[in-house]
Number of protein chains: 2
Amino acid sequence: MTKLKLRPVAIDTYKENVAYLHRGCTFYRSEGFQALSKIEIHKEEDGQPVIAVLNIVDDAGITAPGELGISEQVFAQLNLPPGTSVTVKHATPPASLDAVHDKISGEALDYEQYLKIAQDIVENRYSKIEIAAFLVGCAETGFERDEVLHLTRAMVETGDRLEWGETLVADKHCIGGIPGNRTTMLIVPIVAAHGMLMPKTSSRAITSPAGTADTMEVLANVDLLPDTLHAIVQRERGCLAWGGTARLAPVDDILIAVERPLSMDSPGQMVASILSKKVAAGSTRLLIDIPLGPTAKVRSHQGALRLRKLFEYVGDRIGLELEVVITDGSQPIGRGIGPVLETRDVMQVLERKPGAPMDLREKALQLAGRIIEFDADVRGGAGYHIARDILDSGRALAKMEAIIEAQGKKPNPPSLGRLHHVITAPGTGTVTAIDNLQMASIARLAGAPLDKGAGVDLHKKTGEHVEAGEPLYTIYAAFPADYEFALDAARQNSGYTLREAHE
Amino acid sequence: MTKLKLRPVAIDTYKENVAYLHRGCTFYRSEGFQALSKIEIHKEEDGQPVIAVLNIVDDAGITAPGELGISEQVFAQLNLPPGTSVTVKHATPPASLDAVHDKISGEALDYEQYLKIAQDIVENRYSKIEIAAFLVGCAETGFERDEVLHLTRAMVETGDRLEWGETLVADKHCIGGIPGNRTTMLIVPIVAAHGMLMPKTSSRAITSPAGTADTMEVLANVDLLPDTLHAIVQRERGCLAWGGTARLAPVDDILIAVERPLSMDSPGQMVASILSKKVAAGSTRLLIDIPLGPTAKVRSHQGALRLRKLFEYVGDRIGLELEVVITDGSQPIGRGIGPVLETRDVMQVLERKPGAPMDLREKALQLAGRIIEFDADVRGGAGYHIARDILDSGRALAKMEAIIEAQGKKPNPPSLGRLHHVITAPGTGTVTAIDNLQMASIARLAGAPLDKGAGVDLHKKTGEHVEAGEPLYTIYAAFPADYEFALDAARQNSGYTLREAHE
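Residues numbered from 1 in each chain as written. Chains lettered and ligands numbered in written order. Predicted model: local features only at pLDDT ≥ 70, side-chain atom pairs only at ≥ 80, totals over all residues. Heavy atoms only, no water.

Attention shifts here to the sheet that holds strand β12 (residues 321–328) of chain B. Residues and elements named next belong to chain B. Strand order in this open sheet of three strands is β8-β11-β12, and the pairing throughout is parallel. At either end of the open sheet lies a strand with only one pairing partner, and these are β8 (170–174) and β12. Along the sheet, successive strands turn relative to each other by an average axial angle of 20°, direction set aside. Each of β8, β11 (285–292) and β12 touches helix α11 (residues 267–280); the most contacted strand, β8, lies at about 160° to it. (Pairing = 2+ DSSP bridges. Helix = DSSP H or I, 4+ residues; strand = E, 2+ residues; numbered from the N terminus. Axes fitted to C-alpha atoms, helices over the stretch in contact; angles between N-to-C directions. Contact = heavy atoms within 4.5 Å.)

Counting across every chain of the model gives six aromatic pairs over all chains. Every member of this aromatic cluster is reached through a ring pair, and the members are Tyr 114, Phe 134 and Phe 143 of chain A. (Phe/Tyr/Trp six-rings, centres within 6.5 Å; stacked < 30°, edge-to-face > 60°.)

Glancing now at helix α15 (residues 383–392) of chain A. Residues and elements named next belong to chain A. All of the buried residues along α15 are Gly 383, Tyr 384, Ala 387, Ile 390 and Leu 391. All buried residues of α15 fall inside an arc of 130° around its axis, so they share one side. Residues of α15 that are buried sit in contact with α7 (184–194), α13 (339–350), α14 (358–372) and α16 (395–407). Positive phi shows up at Gly 394, right after α15, with a value of about 85°. (Buried < 20%, exposed > 50% of the residue type's maximum accessible area, 1.4 Å probe, protein only. Arc of directions from axis to C-beta.)

Attention now moves to the pattern of salt bridges. Residue and element names in this part refer to chain B. Applying the stated criterion across every chain yields a total of 56 salt bridges over all chains. Residue Glu 130 is joined to Lys 38 by a salt bridge in which the shortest nitrogen-to-oxygen separation is 2.6 Å. Of this pair, Glu 130 sits in helix α5 (residues 128–137) while Lys 38 is found in strand β4 (residues 38–42), placing the two residues 92 residues apart along the sequence. There is no split in this pair, since Glu 130 and Lys 38 are both buried. A salt bridge links Glu 323 to Arg 370, with the shortest nitrogen-to-oxygen separation between them at 2.8 Å. Of this pair, Glu 323 sits in strand β12 while Arg 370 sits in helix α14 (residues 358–372), and the two are 47 residues apart along the sequence. (Salt bridge = Lys/Arg side-chain N within 4 Å of Asp/Glu carboxyl O.)

Across the contact, 51 residues belong to chain A and 52 residues belong to chain B. For the pairing of chain A and chain B, the buried interface totals around 4,400 Å² over both sides, and the portion due to carbon and sulfur atoms is 60%. Counting the contacts that link chain A with chain B gives four salt bridges. Here Glu 72 of chain B and Arg 23 of chain A are joined by a salt bridge, their closest N and O atoms 3.6 Å apart. Mapped onto the side of chain A that touches chain B, the elements with two or more residues apiece are β2 (11–12), α1 (26–31), β5 (50–57), α3 (97–104), α5 (128–137), α10 (250–259) and α18 (480–492) of chain A. (Buried area = accessible area lost by both parts, 1.4 Å probe.)

So, on to the packing of α5 of chain B against helix α10 (residues 250–262) of chain B. Residue and element names in this part refer to chain B. The interhelical angle for the contact between α5 and α10, taken along N-to-C directions, is 80°, at an axis separation of 10 Å. On the basis of the axis angle, α5 is roughly perpendicular to α10. On the side of α5, the interface is formed by Lys 128, Ile 131, Ala 132, Phe 134 and Leu 135, while α10 contributes Ile 254, Leu 255, Val 258, Glu 259 and Leu 262. (Parallel < 35°, antiparallel > 145°, perpendicular 65-115°, else oblique.)

Residue and element names in this part refer to chain B. Along the chain, His 22 turns up in strand β3 (residues 18–22). On the basis of relative accessible area, His 22 is assigned to the buried category, the value being 14%. Polar contacts involving the side chain of His 22 include one to the main-chain amide nitrogen of Gly 24, which spans 2.9 Å. In contact with His 22, other than residues within four places in its own chain, are Tyr 28, Val 57, Asp 58, Asp 59, Ala 60, Thr 63, Ala 64 and Pro 65. (Polar contact = N/O pair within 3.5 Å; in protein donor to acceptor, adjacent residues only side chain to side chain.)

How big an interface is tends to be stated in terms of accessible area lost as the parts join. Residue and element names in this part refer to chain A. Taken domain by domain, chain A holds domain 1 (2–90), domain 2 (94–159 + 247–280), domain 3 (170–242 + 282–407) and domain 4 (419–500). For domain 3 and domain 4, the distance between their C-alpha centroids amounts to 25 Å. The interface of domain 3 with domain 4 comprises 30 residues on the first partner and 20 residues on the second. Together, the buried faces of domain 3 and domain 4 total about 1,800 Å²; carbon and sulfur atoms form 54% of this surface. For domain 3, the biggest contributors to the area lost against domain 4 are Pro 209, Gln 331 and Ile 337; these three give 28% of the whole. Linking domain 3 with domain 4 are three salt bridges, by the criterion used here. Notably, a salt bridge pairs Lys 452 with Glu 217, separated by 2.9 Å at the nearest N-O pair. Taken together, the elements giving at least two residues each to the side of domain 3 that touches domain 4 come down to β13 (336–337) and α13. Here the residues of the side of domain 3 that touches domain 4 are counted per class, giving 14 nonpolar, 10 polar and six charged. (Domains from an automatic or database assignment. Nonpolar A, V, L, I, M, F, W, Y, C, P; charged D, E, K, R; others polar.)

In structure tokens:
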């Protein structure tokens, strides 16, 4: 048994465990390791080992012979002081890789196989390339809907689950891709004011310029301990919290870390990802929003229908009653893109300000109405009117203020970026299209969501008339470098299409 | 444009470029990078950038804010002194990834698409996970034989090509998996003595206990500059060199670095890998050896035939006339496993020693005979006798000695490992099977091929009678740790199956 002394190496290798071994180490020589080999690190003789991929080091200042360098991820998992002697050996490939090979050869896997794969993934026994192999094996071709169901169940099973003690726990989810689409921050106060339980846990933005958690964070604390979360939900019937504190379907987070750089988003993975998180969050009724449009994630009606059926198939079998609505995804919703700007839009709607963005208000009322109709006592079709009454009477605003107070109001909310620039219309005419992807990209380059005050504020939407030189939108940024990146991008492609007016 | 100062980080990340950025670096903050993001590193404004995957560092001792840490691979590619200012930016995904996504969705790709993929891979624009996605996309299901041809061509096109100035350039290749199968070191001197050109370039062992290059290196220098290689081949008609000095189908090496840890070896990838290397090495006629047996790579006759047809299909279309022989892969060939032991077997056959391993001699003569029949002047069926005459007359030995002298004879050849242990028969009976995989594994654990004198020497082969306590094989090792690993493995599973004799 080879013993090596642990040495933390302050490198963040994200969702992959990496260990560092000096090229001169006898263990390296004798075992004939290659880079990308995997090792098992044992704390005790009998315990469960931690698995890591090996990088070879030629600088004793990073890892010396006799030492085992470990990345931050491994250090956290081992939870042992530097210098501790650990036993290392060649890792045998995780047993569930056989099932991955079966999947790659075109076979359908059963629940037991997906469960074993999920267990090995959550225990960090898979390297990034093994995860990539699994994801590609499960890509569209030959990934049957029963397998989507098995994978969803396996991802729920290998994480924690929130319990709310009620039979109707409402939730909503948008598949994403539409900037400014901050309906959740309106729907939760409306639905909770109606009395229906809606303990909303959201993610932070990953590839978009703002997630619900990033945006809510402008107003209130979103990073809540489980007990606090339960107390708030019990009193207010709703919350707008970040879901990252609980271990909900952790396999999904690991898969996403590889899916993203691969730009993979097969319908099967999307459905398994969304539904496993919802079941783990304790939701029982779910409204899913699929925006449809030429620059949205789903671009054909047929594609939207196929996705809807897959959601329904899996939802029905996993104990999640869900409804799917296909919405207009032809342009951004509301005006602001970026946390501070989106908060402004949401508060304008709640406060019934004269200039509040009507499209955001209408979409939120439609969706909130559908959720309120989950209530058996509400007559089909009556939900919209109930939602509108709650909003227009100021009860939604009061509920939002109560939730903000309960979660912990931010004493000094961030303000808009001090650098700003107006992009103007190159000619006179009508706005015929706004590119969701380009607007999201400009807002991200400007610094959103890390800089909450960065983003884009739209002054014109599709169908509106503009005069040459009239403002189309304003870019906000906090840092000069971001500001320049965003301006460059906007100058290359403004994201707006105009149909010029004829003389 | 962000400028950062280069800082080498002495970490070997194998075939993947990795760059290290301090978490506090403004560039990291402003661009909102995630780990696994890719960046472009530009030497000059207009030059071709080097692409690297990003790891985030929390220790300024490795990489400080304002610096760009680069792994050994990146340092070699950039070829700039430490401290040089370089421009970095977010890398756009390589354009050919679109084709990979098409492949994953089940589409067949054309030559142009494979060429673009190969170009991006050879320029290190693909991360490991992107390569894994490509490989899985090209796994057995839906990888058409025309696509194997396209990929083979693309891999040849993106590397260098040796030219020998003759129309008949002979080569042989075994798909591997059989320990001790060192026929090449007999075939080359026989064929070259016949006068046929056989400039053999071989690989080092990757997962096996010895490759032809590792074994030949016991006797002679194998690491030859292109000019030296050409001069030797011109004079001797043959050589036994390592192929790694030339840039032959370099994409293949990058793909193998990911295939291996994934344990992927689809027939399509195998054929493309072997044939691209051969075409790049300038071969025009090729004999392929497919060993068939229960512990060989190919385990069914049907599987061997399918593989043969794929080799023929691609070979015919890429200008490589090839013949495939299916040979007995039921047990190791010869007696020694490991570089020094295999050299001993080869030299015993060449020197016509009384105890020389007959199976190795016979197999080499059969294969050499088939290659000699590539000669238009040799009557079909006469090759074996010609080969035998060359061997038995001592002309093969003389040719081998001439090749060794030409390549540079080793003054002090390595000797057998000083640690040795005899594994004995647990009972009396007949050897009915020897497990190729287990024998290879024991020899590797003993230190082969890194320690040339390590390995396994078989005293009994299939069909032989043994008495209880009689030696089955001897394990040789140089280092105590290796010795123990190999003995442990042999005690757990000797690799031998005996049918006990009845009283």
